[in-house]
Amino acid sequence: GAGVSQSPSNKVTEKGKDVELRCDPISGHTALYWYRQRLGQGLEFLIYFQGNSAPDKSGLPSDRFSAERTGESVSTLTIQRTQQEDSAVYLCASSLKGAFNSPLHFGNGTRLTVT
Amino acid sequence: GENVEQHPSTLSVQEGDSAVIKCTYSDSASNYFPWYKQELGKRPQLIIDIRSNVGEKKDQRIAVTLNKTAKHFSLHITETQPEDSAVYFCAANYNQGGKLIFGQGTELSVKP
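Figured I'd write up the structure that's included with this text.

Each value, and the rule that gives it
Residues numbered from 1 in each chain as written. Chains lettered and ligands numbered in written order. Predicted model: local features only at pLDDT ≥ 70, side-chain atom pairs only at ≥ 80, totals over all residues. Heavy atoms only, no water. Contact = heavy atoms within 4.5 Å. Buried area = accessible area lost by both parts, 1.4 Å probe. Salt bridge = Lys/Arg side-chain N within 4 Å of Asp/Glu carboxyl O. Polar contact = N/O pair within 3.5 Å; in protein donor to acceptor, adjacent residues only side chain to side chain. Helix = DSSP H or I, 4+ residues; strand = E, 2+ residues; numbered from the N terminus. Disulfide = S-S within 2.5 Å.

Considering the interface of chain B and chain A
The accessible area lost on association of the parts is a frequent measure of interface size.
Here is step 1: In this complex, chain B contributes 19 residues to the contact, which on the side of chain A involves 20 residues.
Here is step 2: Across the interface of chain B and chain A, roughly 1,600 Å² is buried in total on both sides, 54% from carbon and sulfur atoms.
Here is step 3: Of all residues in chain B, Arg-43, Lys-99 and Phe-102 of chain B give up the largest surface area on contact with chain A, accounting jointly for 33% of the area buried on that side.
Here is step 4: Linking chain B to chain A there are one salt bridge.
Here is step 5: For Asp-56 of chain A, the salt bridge identified is with Lys-99 of chain B, shortest N-O distance 3.6 Å.
Here is step 6: The interface formed by chain B and chain A holds seven residue pairs in polar contact (both at pLDDT 80 or more) in total.
Here is step 7: Mapped onto the side of chain B that touches chain A, the elements with two or more residues apiece are strand E4 (32-38), strand E5 (45-51), strand E9 (86-94) and strand E10 (99-102) of chain B.

Written out as structure tokens, the structure is:
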């Protein structure tokens, strides 16, 4: 079946604008993750959704960042008042039952450039 | 805090040599340690994982070892090949659940 789909693949925005990134997980996957990957750097945890439990938002870097997930389907990551340091690839991953029980399947990411 | 340290950041080996990448973690409750491989321009993919009830796991040319007392784990690749060239990420789960924290990555280059 289809893998994790992210859109847009590339986004260029002006500093101060809001952006919305979308993730379509693999059907039936209960867990969904957002990570940020700056150029040449590691995978920085942002937020984790597991079923209907409250999400773990401990990795969101500031109150400009927020994410939502409707049930066990699509998730959107919103960045308000973008700054140049927000430029990065934003990776979404889904897992059948969460990382401890099943592997993460990553999307191709959204490359965000803030000018 | 929740942290995974990974070393080295870059590693260059000759084809056929072995490569070792090491990681340490901070939460003694962590019990799941996967390794992901990210080839240039591609998404990360799981290559091997280990749980805290075992000390070593092997899959062909790759193996992982875990020392829970010292809170560190390692990836070993033997008989390296050019196609092993990639960035490798270790990770550990936190809060005894599915939250996965990654290390900073190791760029492995295998020279023919």
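Structural notes on the state of the cysteines
All names here are of chain A.
Here is step 1: Scanning all chains against the criterion turns up two disulfides over all chains.
Here is step 2: Bridging Cys-23 to Cys-92, the disulfide has an S-S length of 1.9 Å. The sign of the -65° torsion about the S-S bond sets the Cys-23-Cys-92 disulfide as left-handed. Taken together, the positions of Cys-23 in strand E3 (residues 19-24) and Cys-92 in strand E8 (residues 88-95) put the pair 69 residues apart, joining distant regions of the chain.

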